[in-house]
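Analysis of the macromolecular model
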Amino acid sequence: MARAFLFVLDSFGIGGAPDAEAFGDEGSNTFGHIVERCAAGEADREGQRQGPLLIPNMSSLGLFHAANLASEFAMPSRMHAPAGLWGAAEETSKGKDTPSGHWEIAGVPVTFDWGYFPQTVPTFPDTLIADAVRRAELPGILGNKHASGTDVIEEFGEEHIRTGKPIFYTSTDSVIQIAAHEEHFGLDRLYELCAIVRELVDPLNIGRVIARPFIGETRETFVRTGNRRDYSVPPPEATLLDRLTQAGRMVIAIGKIGDIYAHQGVSQVRKANGNMALFDETLVAMDDAQDGDLVFTNFVDFDMLYGHRRDVAGYAAALEAFDRRLPEAIAKLRPGDLMILTADHGCDPTYKGTDHTRERVPVLCYGPDLPKGSLGVRPTFADIGETVAAHLGIASGSHGKSFLKGTGERGPDA
């Protein structure tokens, strides 16, 4: 029996989604545009990074080959043949949000429509806010609009401290985010508020309520902490995680993975703040994982800190930092192990607005005894989860197909 390691580089799309126009995202390409900006010297930042994007380890796993397959992206000259299985996948879910992408990766595409809030001020229904204020005994709320998380804290943070009113905001995703000061408002109180709001928005089919705690005393010193918590609706049917835990396997969820799946099918939750700390926790979990187990990590900084903030240089630097550490994970792979690098959606930092972009995602697979070759463009993210299921020897689901030959076999699917 083998182990599996599934790493989601949050928002690291590679363009080419055939339905991008329907989402208003035609031409978006997170990876491709970062490469272009770096090559043009437009992603240099003193003390952080300079020049062309340097990601030799992901390149060796077939990242550029996958990008070329997804969106006819020009590969650098003298690119070596990839060291593992590589390809791309396109999303069939109706949303381009975190739950939709992750659930589909785990074998359960989202076939229903999420609820969303209008681009108005105020944006939330009066009855929703009135019920939240009454049940949580609040003096009122601030915000009540579509906004960037960092911008809305800068705008309303000082007033929040003075008045005790939490900050409610949303985005084009199916989400309510609530920001509050960890000390002045209280972290536990924020969590209790989010649990109340989670209950209130269930009839509206809202995917997530997110607690966004922050610290600092002035708009110049406010900073969000690592105590974020997502209150998600549970997936509509059993995911890969459920099937694994029901089979007696351990699923170690790193970062926000547990929250995304409403803690269903999760054996252990290990939190960390920032990509490098998440990588550290992942390495420990890799040592702890036994035969038949899954380690599942979301590297959130790509999306949260750089994609949404349209920070090309920061995104590029984060990719390079992740790439430098990738050999540490590869060194922990044993014969029979499978490591997959992928993403849940795009968030092109060169694109209009500040929201996710509909893109294909890379699927880079490596293991000491896996073959090399192309997986092609997979018709659904669910193929990723079904490949892990086949690799770990559990029953397959109904929404995807493994790109390995079958349970316990190492060859690419014929």
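Refer to the structure printed above.
Heads up: these notes are all about the structure in this document.

Conventions used here
- Residues numbered from 1 in each chain as written.
- Predicted model: local features only at pLDDT ≥ 70, side-chain atom pairs only at ≥ 80, totals over all residues.
- Heavy atoms only, no water.
- Salt bridge = Lys/Arg side-chain N within 4 Å of Asp/Glu carboxyl O.
- Helix = DSSP H or I, 4+ residues; strand = E, 2+ residues; numbered from the N terminus.
- Buried < 20%, exposed > 50% of the residue type's maximum accessible area, 1.4 Å probe, protein only.
- Phe/Tyr/Trp six-rings, centres within 6.5 Å; stacked < 30°, edge-to-face > 60°.
- Lys NZ or Arg CZ within 6 Å of the ring centre and 35° of its normal.
- Pairing = 2+ DSSP bridges.

Here the focus is the pattern of salt bridges. Following the criterion strictly, the structure yields 25 salt bridges and no others. The salt bridge partner of D44 is R49, with a shortest N-O separation of 3.9 Å. Where E386 meets R243, a salt bridge forms, and the shortest distance between an N and an O atom there is 3.0 Å. Here E386, found in helix α13 (residues 382-392), pairs with R243, found in helix α8 (residues 240-246); they are 143 residues apart in sequence, far enough to count as distant. Residue E386 shares its accessibility class with R243, and that shared class is buried. Several salt bridges share partner residues, and in doing so they unite D173, R208, R228 and D230 into one network.

Counting across every chain of the model gives 17 aromatic pairs. Each ring, one from F7 and one from F299, has its centre 6.1 Å from the other, and the planes form 90°; the classification is edge-to-face. Of the two residues, F7 sits in strand β1 (residues 4-9) while F299 sits in strand β11 (residues 294-299), which places them 292 residues apart along the sequence. Like F299, F7 is buried. Taking 5.6 Å as the distance between ring centres and 55° as the angle between the ring planes, the aromatic pair formed by W103 and W114 counts as tilted. Within this pair, whereas W103 is found in helix α4 (residues 98-105), its partner W114 is found in the loop between α4 and α5 (126-136), the two being separated by 11 residues in sequence. Among the residues examined, W103 registers a relative accessible area of 1% and is labelled buried. With a relative accessible area of 5%, W114 lands in the buried category. Among the aromatic residues, those joined into a ring-pair cluster are F7, F12, F31, F64, F73, F279, F299, F302, Y315 and F322. Seen from the ring of F185, R189 lies directly overhead, with NZ or CZ sitting 4.2 Å from the centre.

What follows is about the pairing of strand β13 (residues 361-366). Most of β13 is tucked away: five of the six residues are buried. Across five bridges, the pairing between strand β2 (residues 85-89) and β13 is antiparallel. Bridged to G87 within β13 is V363. As paired strands, strand β12 (residues 338-342) and β13 are joined by three bridges and run antiparallel to one another. In the strand pairing of β13, I340 is matched with C365.

With that out of the way, let us pick up unusual backbone geometry. Excluding glycine, residues mostly have negative phi values, and the peptide bonds linking residues are mostly trans. Of note, the amide linkage connecting V121 to P122 takes the cis form, showing an omega dihedral of 5°. By secondary structure assignment, the location of P122 is in the loop between α4 and α5. Non-glycine residue E137 carries a positive phi angle of around 55°. On the basis of relative accessible area, E137 is assigned to the exposed category, the value being 69%. Despite not being glycine, A262 shows a phi value in the positive range, around 55°. Counting through the fold element by element, A262 comes out in the loop between α9 (257-260) and β10 (268-270).

Structural measurements only, silent on function.
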